[in-house]
Amino acid sequence: MSAPITYRQPVSRLWWLKKRTYLLFVLRELSSIFVAWFAVFLMIMVVAIGRGEASYQNFVNWAASPVVIMINVIALAFLILHTVTWFVLTPQAMVVRGPGSRLALTTKEVNVEGRWVSAATAVRVGGRLPAAAVIASQYAGLLVVSAFIAWLVLR
Amino acid sequence: MADSIQMQVTRYAPAPGAVPTVANYDVPLRKDWSILDGLNFVKDHIDGSLSFRWSCRMGICGSCGMNVEGQPQLTCATFLSDYAPGPVRVEPLTNFPIVRDLVVDIDDFMEKLPRVKPWIIRDDDVTVIDGEYLQTPEELEEYKQFSNCINCMLCYAACPIYGLEPEFIGPAAIALAERYDLDTRDRGQRERLDVLIEKEGVWGCTFVGECTRVCPKHVDPAGAIQRYKLKAAQENVMAFLLPRAAR
Amino acid sequence: MTKRHLEPILWLLFSGGGVVSAVFLPILVVLFGLAIPLGLVQPDYNHLHAVVSYWLTRLVLLGLVVLMLFHWAHRFRYTLHDGLQLRWETPIAVLCYGAALLGSLATLVIVLTL
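Residues numbered from 1 in each chain as written. Chains lettered and ligands numbered in written order. Predicted model: local features only at pLDDT ≥ 70, side-chain atom pairs only at ≥ 80, totals over all residues.

On to the interface of chain B and chain C, then. Contacts between chain B and chain C engage 17 residues on the former and 12 residues on the latter. Broken down by secondary-structure element, the contributors of at least two residues to the side of chain B that touches chain C are helix H5 (160–164) and helix H9 (221–241) of chain B. Looking at the side of chain B that touches chain C, the element that brings in the most residues is H9 of chain B, giving eight residues. Taken together, the residues that form the side of chain B that touches chain C break down as 11 nonpolar, two polar and four charged. (Contact = placed C-beta atoms within 7 Å. Helix = DSSP H or I, 4+ residues; strand = E, 2+ residues; numbered from the N terminus. Nonpolar A, V, L, I, M, F, W, Y, C, P; charged D, E, K, R; others polar.)

Below, the structure written as structure tokens:
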């Protein structure tokens, strides 16, 4: 019996507008543009600082222009989106274990002189920290780093 | 509650140049009816030619996946009354070729699943006579979530990458690979890694996460994929660092 | 593992970049993108120069910027591929990672010659 004539459902170029979660995903991905933008902005500033006070003042004047301020306001919004989504996805993307975990003996294939042999090994099981704890500790890290940098620059 | 609700159902009969159309059916709106009950009413009383897959009608076989109002759902687990007063659109699962009406071609998944070797792989020759494998409840917990997959493919319908990139192995297959990798009885991590570290393996995934959101069994395939990426990356770094003789 | 693959390394750089961007960028944007240009705070130039010139600052800056650029390159490459459905795989990859590499080299030169 020959294969049926199936109908290939087309994928719209605007697939990401079809669901709110898809749109949020695309916005999250676009935040990477502002990561690159600010990395470049930072290095322009560092170069300006290196060249002397006048050069640094020129940089600050340029950074204060309405267009650049607007870009950085938008950048801040996108970067906060990046931070918030990154922190909430981390516990889903990796297993963080606390004191409740223990080692379980098992076997795994290891490479010994070009051959794969079974060897006894241990894996961690249990004690997975709840997502809220992982998220909270990341925000704690954010706070510490932010406080440190603010102190470093403003003291 | 009104007496009836309109179901707008995709119809498609394979023929050269044929395209899917929509047929409207009014079905009784009973409080305890699922979308599947509505479809069976259509088939029994209105149009016997309507084709769709179903089996257990209790959310465990994974056969009745379809798009309801644009969302991949198990139609046996979705109440008709949730869409009152209606109409409610019922379409075949996204990202799969349509065979007929609401039936999609799942050969692609059937080909991809065995590629990740979703079974216990061991190199010793133990048999039933040698006794049982021993595994603690904690060790079971490590992979139990991923073992709940019923192969309903709602995750493939939800995944935009699978729609754009047909070679992508996909959420369920990777979640099942992870299920066996995490099983302490298994020794096949390396073989699965060989498959999944390739381009069509885990790397196409950009963690949209929609697969996890639509999964009726809370398997969290997105989580499985990200964990697998980390594992694959760690193994890859070891391959770069280890002396040539060990590769 | 018999074969060595590039994609996992790029993904690790993307992940590292994602972490440092999430943790370091908000305060940096607030300080250097908004507060200082708008005059809300006015750190002394000599102090800023001293902080930036310090060897550890230069090292950290290099690390952060390299990771941030590769984070952008990896994510942007996939956005072009999936969002805009541009299928020129190799040119896009070369453009993105190439730009990140150039930016990284420029950053290296800057921190060495400060």
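Next comes the rest of the write-up.
Residue and element names in this part refer to chain B. One can read the domain layout of chain B as domain 1 (4–104) and domain 2 (107–246). Using only C-alpha atoms to locate each centre, domain 1 and domain 2 end up separated by 31 Å. Between domain 1 and domain 2, the contact holds 13 residues from the first and 12 residues from the second. Elements with a minimum of two residues in the side of domain 1 that touches domain 2: strand S3 (65–68) and strand S4 (71–74). Of all the elements, S4 adds the most residues to the side of domain 1 that touches domain 2, at three residues. (Domains from an automatic or database assignment.)

Attention now goes to unusual backbone geometry. Residue and element names in this part refer to chain B. Residue Pro-85 is reached from Ala-84 by a cis peptide bond, and omega for that bond is 0°. Relative to the assigned elements, Pro-85 resides in the loop between S4 and strand S5 (88–91). For the bond from Gly-86 to Pro-87, the omega torsion is 0°, close enough to zero to count as cis. Mapped onto the fold, Pro-87 is located in the loop between S4 and S5.

On to the packing of helix H6 (residues 171–181) of chain B against helix H7 (residues 189–196) of chain B. Residues and elements named next belong to chain B. Where H6 meets H7, the axes come as close as 10 Å, and the angle between the chain directions of the two elements is 160°. Compared by their axis directions, H6 and H7 come out roughly antiparallel. Between H6 and H7 lies a crossing whose hand is left-handed. For the pair H6 and H7, contact is made by Ile-174, Ala-177 and Asp-181 and by Gln-189, Arg-192 and Leu-196, respectively. In terms of residue class, the contact of H6 with H7 is made up of three nonpolar, one polar and two charged. (Axes fitted to C-alpha atoms, helices over the stretch in contact; angles between N-to-C directions. Parallel < 35°, antiparallel > 145°, perpendicular 65-115°, else oblique. Left-handed = near helix turned anticlockwise from the far one by under 90°.)

Each side of the interface is counted separately: chain C has 39 residues, and chain A has 43 residues. Contributions of two or more residues to the side of chain C that touches chain A are made by helix H1 (7–35), helix H2 (45–53), helix H3 (55–82) and helix H4 (89–113) of chain C. With 15 residues, the single largest contributor to the side of chain C that touches chain A is H1 of chain C. Across the side of chain C that touches chain A, the residue classes break down as 29 nonpolar, nine polar and one charged.

A separate point is the pairing of S5 of chain B. On a regular strand, each side chain points to the face opposite its neighbour's, so the side chains alternate between the two faces of the sheet. All names here are of chain B. Examined bridge by bridge, strand S1 (residues 4–11) and S5 share three bridges and lie parallel to one another. Bridge pairing links Met-7 to Val-88 in S5. In this sheet, S5 lies alongside S3 in antiparallel orientation, the contact comprising two bridges. Across the sheet, the residue bridging to Val-68 is Val-90, located in S5. (Pairing = 2+ DSSP bridges.)

Listing the buried residues of helix H2 (residues 53–63) of chain A in full gives Tyr-56, Phe-59 and Ala-63 of chain A. One side of H2 of chain A carries all its buried residues, which in axial view fall inside an arc of 55°. Summarising the geometry of H2 of chain A, the exposed residues directed more than 90 degrees from the buried face are Ala-54, Gln-57 and Asn-61 of chain A. Contacts from the buried residues of H2 of chain A go to helix H1 (20–51) and helix H3 (66–93) of chain A together with H2 of chain C. (Buried ≥ 20, exposed ≤ 12 C-beta atoms within 10 Å, placed from the backbone. Arc of directions from axis to C-beta.)

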